[in-house]
Amino acid sequence: MSLVSGLLAHTLGRVLRLPGLHSGGHAQGGRAMEQERALEVYDIIRTIRDPEKPNTLEELEVVTENCVEVHEIGEDEYLVIIRFTPTVPHCSLATLIGLCLRIKLQRCLPFKHKLEIYISEGAHSTEEDINKQINDKERVAAAMENPNLREIVEQCVTEPD
């Protein structure tokens, strides 16, 4: 009976591409890998500088370890979800912070990924609009063509010496 349930879990995991269902032992290893990837992501974004203040996003608690989720969506491919919290609900630079998160992760993540970035629910007065902007590839590309905006992003994402 356990052989049948193991085969069923393996087949469902492959067909539905559900992480952790391939086999009983793999579920533990998969979750551990996802947690390891989440810490790797957090280590990359925590040093991003705030566009307005001389602090990092970590120091301002805009990002925390808990704001990063990683889910395996295929073999060696992961869905990375970031939920950041602006310092105030009417933060005028929330879109720019989201852009900085996206650019730094696109440049630095050493594994294949799909990236979704959101403002934490209820943390901003225009979160829906900002979420759409920072997850729209064409808007992100257009923003990065603006030399002034690109310079600000570069200053925010560049690691200090």
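Our structure's up above, just so we're on the same page.
Residues numbered from 1 in each chain as written. Predicted model: local features only at pLDDT ≥ 70, side-chain atom pairs only at ≥ 80, totals over all residues. Heavy atoms only, no water.

Q: Describe helix α5 (residues 137-145), naming the residues involved and giving the relevant values.
A: Among the residues making up α5, those that are buried are V140, A143 and M144. Along the axis of α5, the buried residues cluster in a sector spanning 95°; they form a single face. Turned more than 90 degrees off the buried face of α5, the exposed positions are E138 and E145. Of the surrounding secondary structure, the elements contacted by the buried residues of α5 are α3 (94-108), α4 (127-134) and α6 (147-157). Taking the backbone nitrogen of E138 as reference, a side-chain oxygen 2.9 Å away marks D136 as the first, capping residue of α5. (Buried < 20%, exposed > 50% of the residue type's maximum accessible area, 1.4 Å probe, protein only. Helix = DSSP H or I, 4+ residues; strand = E, 2+ residues; numbered from the N terminus. Arc of directions from axis to C-beta. Contact = heavy atoms within 4.5 Å. Polar contact = N/O pair within 3.5 Å; in protein donor to acceptor, adjacent residues only side chain to side chain.)

Q: Requested: an account of the sheet that holds strand β2 (residues 77-84), with residues and values cited.
A: The mixed open sheet is built from 3 strands, whose spatial order is β1-β2-β3. Each end of this open sheet is capped by a strand with a single partner; those strands are β1 (68-74) and β3 (112-119). Each adjacent strand pair in this sheet contributes to an overall mean axis angle of 20°, direction not counted. Bridge count for β1 against β2 is 6 bridges, and the pairing is antiparallel. (Pairing = 2+ DSSP bridges. Axes fitted to C-alpha atoms, helices over the stretch in contact; angles between N-to-C directions.)

Q: Quick rundown of the state of the cysteines? Include the residues and the values.
A: One pass over the structure, following the stated rule, counts 0 disulfides. There is no disulfide at C100, and the cysteine sulfur nearest it, in C156, is 4.0 Å away. The exposure class assigned to C100 is buried, which follows from its relative accessible area of 1%. (Disulfide = S-S within 2.5 Å.)

Q: How would you sum up the packing of α3 against α5? Please name residues and give values.
A: Axis separation between α3 and α5 bottoms out at 11 Å; the angle between their running directions is 95°. Taken as axis vectors, α3 and α5 run roughly perpendicular relative to one another. Together, L99, R102, I103 and R107 of α3 and V140, A143 and M144 of α5 make up the contact between the two elements. Looking at side-chain class alone, the contact of α3 with α5 contains 5 nonpolar, no polar and 2 charged residues. (Parallel < 35°, antiparallel > 145°, perpendicular 65-115°, else oblique. Nonpolar A, V, L, I, M, F, W, Y, C, P; charged D, E, K, R; others polar.)

Q: Explain the nonpolar core to me, using residue names and the numbers behind them.
A: Grouped together as the largest cluster of nonpolar side chains are 39 residues, with contacts concentrated most on V41, I45, V63, V68, I82, F84 and L101. Put simply, the parts of the chain that give this core at least two residues each are α2 (24-45), β1, β2, α3, β3, α4, α5 and α6. Among the elements that take part in this core, α3 stands out by supplying 8 residues, more than any other. Filtering out sequence-adjacent residues up to four positions away, I82 remains in contact with V41, I45, C67, V68, L101, L105, L115, E116, I117 and Y118. (Core = buried A, V, L, I, M, F, W, Y, C linked by side-chain atoms within 4.5 Å.)

Q: Give me the environment of S120: which residues, what numbers.
A: By the secondary structure assignment, S120 is in the loop between β3 and α4. S120 gets classed as buried once you look at its relative accessible area, which sits at 17%. The spacing of S120 and V62 is 58 residues in sequence and 9.7 Å in space, taken between C-alpha atoms. Setting aside residues up to four positions removed in sequence, S120 forms contacts with R83, F84, T85 and E127. Engagement of the side chain of S120 in a polar contact is seen with the side chain of T85, the distance being 2.8 Å.

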